[in-house]
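# What the coordinates show
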Amino acid sequence: MHYSPVALHIPDGFLSLVVSLICWAITAVVLAMAVSRTNRSLGEKQVPLMGIMAAFIFAAQMLNFPVAGGTSGHLLGGALAAIVLGPWAGMLVMTAVIAVQALLFQDGGLIVMGANILNMGLITAMIGYGLYRSVSNASRTTKLVVAGVAAWLSVMAGALATALQLWLSGTSDLQTVTIAMLGVHALIGVGEALITVAALTFIMQTRPDLLDETSASAQGGRGWVIPGIALSVAVVLLSPLASAHPDGLERVAKNMGFLELGQSAPYSIIPDYTVPFLGTTALSTIVAGIIGALVVLGLSILAGRSLQKKSQVSK
């Protein structure tokens, strides 16, 4: 039974054990830093916003959009999460989303989960936050342009990291896989940029305080709970309309002949975002999406409250 990868979600079998363990080690170190830094700065009002951002990103990742060449893509969300929440909380939110995708929906391998978190959650958050904050005193238009560029670059960086890991694993030669991955994700990155800019434009018009330098520890989030959940559910309801074309990594793997290396998970809970007793129907996809969004919402809020309590104790 073979696993079909989605976007940059690497399945088990694509990477060697050594490369997978190295990625886990890097991811563990960065996440430890994220937890430590979040302990110092997490504000009470930011906790519900973490949950809403996690639910939205999970839901948005289910909504594939078509790009050229019979390929589709979807939002990664790392840049957006970091810009709104700050880099460290953004990394934790992305980790929750990617972990739930792998553990509950068998979307991405378990052994290579460290690589998936690194590529899609950590690298994207660092690039997105760093570039956006470099123009913190600029005009709104400049900020949006830079945010779009940062979102596009974050996708390209994640694709490049994936290509390097595939090469180091002996799955493909470096030049071929790099050109293929960057080529297809250059188009997917455009969609990432447009969605990121649209989301930030909405936030700037309704709650610009969330994007202030001090908002990561002080600004509001509770007022966004109901609208945020409603928006996430609306996106999930649109998920059955998502493009059926293969995603970026799947397209590259198929074209280069290593798709068959992918291994399915050793267990099945809600595989391929399909609730088993509902079959492969639109309702099944919607129910699966709602379940996933609620799970990442709950996990992110629980993690945020736990970190907040530790922060208060340390003070």
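Up top is the structure these notes are about.
A quick note: this is a predicted structure, and the numbers were derived from the prediction, not measured.

Moving on, we come to the overall build of the protein. Scanning the protein for helices and strands turns up eleven helices and two strands. Secondary structure of the protein in N-to-C order comes out as α-α-β-β-α-α-α-α-α-α-α-α-α. Buried positions account for 56% of the 315 residues belonging to the protein. Restricting to contacts in the protein with at least 6 residues of sequence separation, those with at least 24 account for 79%.

A full pass over the atoms with the stated rule returns four aromatic pairs. Plain terms: the ring middles of Phe58 and Tyr273 are 6.1 Å apart, the flat faces sit at 55° to each other, and that makes the pair tilted. Remark: Tyr273 occurs in the loop between helix H10 (248–256) and helix H11 (282–314) and Phe58 occurs in helix H2 (residues 46–61); sequence separation between them is 215 residues. Since its relative accessible area comes to 0%, Phe58 is described here as buried. Aromatic side chains Phe105 and Tyr273 sit 4.6 Å apart centroid to centroid with 15° between the ring planes, which places their arrangement in the stacked category. Within this pair, whereas Phe105 is found in helix H4 (residues 87–105), its partner Tyr273 is found in the loop between H10 and H11, the two being separated by 168 residues in sequence. Here Phe105 matches Tyr273 in class, with each residue buried. Taken together through their ring pairs, the aromatic side chains of Phe58, Phe105 and Tyr273 make up a single cluster.

Taken together, Leu160, Leu164, Trp167, Leu168 and Leu174 make up a surface patch of nonpolar side chains, about 420 Å² in accessible area. With four residues, the top contributor of residues to the nonpolar patch is helix H6 (residues 140–168). Its relative accessible area of 34% is what places Leu164 among the partly exposed residues.

Attention now goes to the environment of Thr162. Its location among the elements puts Thr162 in helix H6. Note on Thr162: relative accessible area 0%, which makes it buried. Sequence separation between Thr162 and His9 is 153 residues, and the spatial gap between their C-alpha atoms is 9.3 Å.

Running from N to C, H6 and helix H7 (residues 174–206) point in directions that differ by 150°, and their axes come no closer than 7 Å. Considering the angle they form, H6 stands roughly antiparallel to H7. Here H6 runs over H7; the crossing is right-handed. Grouping the amino acids of the contact of H6 with H7 by side-chain chemistry returns 22 nonpolar, eight polar and three charged.

Here we take up the packing of H4 against helix H5 (residues 113–133). Between H4 and H5, the shortest axis-to-axis distance is 9 Å and the interhelical angle comes to 150°. Taken together, the axes of H4 and H5 are roughly antiparallel relative to one another. Crossing of H4 over H5 shows right-handed handedness. Counted together, Pro87, Met91, Met94, Thr95, Ile98, Ala99, Ala102 and Leu103 of H4 and Met113, Asn116, Ile117, Met120, Gly121, Leu122, Ala125, Met126 and Tyr129 of H5 form the full contact between these two elements. In terms of residue class, the contact of H4 with H5 is made up of 14 nonpolar, three polar and no charged.

So, on to the side chain of Thr178. Tracing the chain through its elements places Thr178 in helix H7. Of the residues examined, Thr178 reaches a relative accessible area of 16% and is grouped as buried. Every residue in contact with Thr178, bar those within four places of it in the chain, is listed here: Leu160 and Ala163.

The next thing to look at is H6. Owing to its 3.6 residues per turn, the α-helix brings residues three or four apart onto one side. Relative to the 42 Å expected for 29 residues at 1.5 Å per residue, H6 spans 41 Å between its end C-alpha atoms, a close match to the ideal helical length. Of the residues flanking the end of H6, it is Gly170, one or two places downstream, whose phi is positive at about 80°.

Rules used in this analysis
- Residues numbered from 1 in each chain as written.
- Predicted model: local features only at pLDDT ≥ 70, side-chain atom pairs only at ≥ 80, totals over all residues.
- Heavy atoms only, no water.
- Helix = DSSP H or I, 4+ residues; strand = E, 2+ residues; numbered from the N terminus.
- Buried < 20%, exposed > 50% of the residue type's maximum accessible area, 1.4 Å probe, protein only.
- Contact = heavy atoms within 4.5 Å.
- Phe/Tyr/Trp six-rings, centres within 6.5 Å; stacked < 30°, edge-to-face > 60°.
- Patch = residues over 30% accessible without salt bridge, like charges linked within 9 Å, V, L, I, M, F, W, Y side chains within 5 Å.
- Areas by Shrake-Rupley, 256 points an atom, 1.4 Å probe, with all protein chains shown as cover.
- Salt bridge = Lys/Arg side-chain N within 4 Å of Asp/Glu carboxyl O.
- Axes fitted to C-alpha atoms, helices over the stretch in contact; angles between N-to-C directions.
- Parallel < 35°, antiparallel > 145°, perpendicular 65-115°, else oblique.
- Left-handed = near helix turned anticlockwise from the far one by under 90°.
- Nonpolar A, V, L, I, M, F, W, Y, C, P; charged D, E, K, R; others polar.
- Expected span 1.5 Å × (residues − 1).

Remember, this is a structural readout, not a statement about activity or role.
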